[in-house]
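Summary of the model geometry
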Amino acid sequence: MTRSVLITGCSSGIGECAAHHLQARGFRVIASARREQDVTRLQQQGLAAVRLDLADEASIEEGVAQALALTGGELYGLFNNGAYGQPGAVEDLPTRALRQQFETNLFGTHHLIRQVLPVMLQAGSGRIIQNSSVLGLVAMAYRGAYNASKFALEGYTDTLRLELHGTGVQVSLIEPGPIETRFRANAREAFLRHIDPEQSRHRQGYRQTLARLQKPGPSSRYSLPAEACMPPLLHALDSRRPKTRYPVTRATLMMAWLRRLLSDRALDRLLLKAGG
Ligand SMILES: NC(=O)c1ccc[n+]([C@@H]2O[C@H](COP(=O)([O-])OP(=O)(O)OC[C@H]3O[C@@H](n4cnc5c(N)ncnc54)[C@H](OP(=O)(O)O)[C@@H]3O)[C@@H](O)[C@H]2O)c1
């Protein structure tokens, strides 16, 4: 039987790559995006696509209803990929910016999981794959909102895995390091939307942040293309015993290891050098 997979955030990057990759491997993919023009573009590329905005509960419910109508009520996989980064020092973040960050990166994901879980539990099988981040494992300056949302996603997912034990529904985390996508361009927009760099005691650090966010080409020597996330995604969907965590890029492998090995202060020194 063809297995159906719903993916969020398919307008670009890892989500768009995953939609094409999984469809080419025989999955029935329902790609989703929050903007209508991206839904149309995905459909023109030969994908089944629905509109789904993670920051809007009604849109999530509507998107799931449309996805289930396309699959005949069945859903094997959910790839929770859609998210964005809200840069800015914690002290400069308006609370509404933090709320919006959680609305998309955590609460929307939660609402979506609650819509699809009954279908998976009824079938006695299913896969939920959460796109987390190396920044779900270690913190960096000016990433407080994003760090908080991805740390929360990690804890949420660990709990969910315990609660789904024995149901046939399996949960995995993918933890990418730097991946070349629209992520930095989108983070730059979020930064400029909510932070006034000139009014901050971090204005010097923010210059580096902006330079990093608009630098053409790879952001670091560990950067990989979105395709690097595909083998873990396929394994999480296909394997009889999916892993709980899939680190992607050497940056994540290193950080996961250093976090275990170093004291908080020693890790701080290293992460302060990695900088703005
Ligand atoms: N790139 C990296 O270095 C990196 C590293 C670690 C983890 N990740 C994670 O990888 C995932 C995909 O990011 P990416 O690198 O592929 O970046 P991307 O190219 O910016 O893609 C992010 C996707 O999320 C979507 N999105 C944002 N807000 C949304 C909302 N309210 N509802 C639905 N979709 C929404 C975006 O849609 P719009 O185009 O409409 O904004 C876009 O399709 C994210 O979870 C991110 O945290 C990325």
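Structural notes, computed from the coordinates. Computed from a predicted model, the values in this text were never measured in an experiment. (Residues numbered from 1 in each chain as written. Predicted model: local features only at pLDDT ≥ 70, side-chain atom pairs only at ≥ 80, totals over all residues. Heavy atoms only, no water.)

**Quick word on the site of the ligand**
In the neighbourhood of the ligand, 29 residues make up the surrounding shell, with Ser11, Arg34, Asn81, Tyr146 and Thr181 lying closest. Residue Leu54 places a main-chain N or O atom 2.8 Å away from a nitrogen atom belonging to the ligand. A distance of 2.9 Å is found between an oxygen atom of the ligand and a backbone nitrogen or oxygen belonging to Ile179. Protein contact buries 95% of the 890 Å² of open area that the ligand shows by itself. (Near = heavy atom within 4 Å. Polar contact = N/O pair within 3.5 Å; in protein donor to acceptor, adjacent residues only side chain to side chain. Areas by Shrake-Rupley, 256 points an atom, 1.4 Å probe, with all protein chains shown as cover.)

**Points about the pairing of strand 6 (residues 169-176)**
Buried residues dominate strand 6, accounting for seven of its eight residues. Where strand 5 (residues 126-131) meets strand 6, six bridges bridge the pair, whose relative direction is parallel. Across the sheet, residue Arg127 finds its bridge partner in strand 6, namely Gln170. Between strand 5 and its parallel partner strand 6, the chain crosses via helix 5 (residues 144-163), and the hand of that crossover is right-handed. Sheet topology places strand 6 next to strand 9 (residues 245-248); four bridges connect them, and they run parallel. When the bridges of strand 9 are listed, Ile174 appears paired with Tyr246. (Buried < 20%, exposed > 50% of the residue type's maximum accessible area, 1.4 Å probe, protein only. Helix = DSSP H or I, 4+ residues; strand = E, 2+ residues; numbered from the N terminus. Pairing = 2+ DSSP bridges. Right-handed = clockwise from strand over helix to strand, strands pointing away.)

**Description of the environment of Leu112**
Tracing the chain through its elements places Leu112 in helix 4 (residues 95-123). Residue Leu112 is classed as buried on the basis of its relative accessible area, which comes to 0%. C-alpha of Leu112 to C-alpha of Ile60: the two residues are 52 residues apart in sequence and 6.2 Å apart in space.

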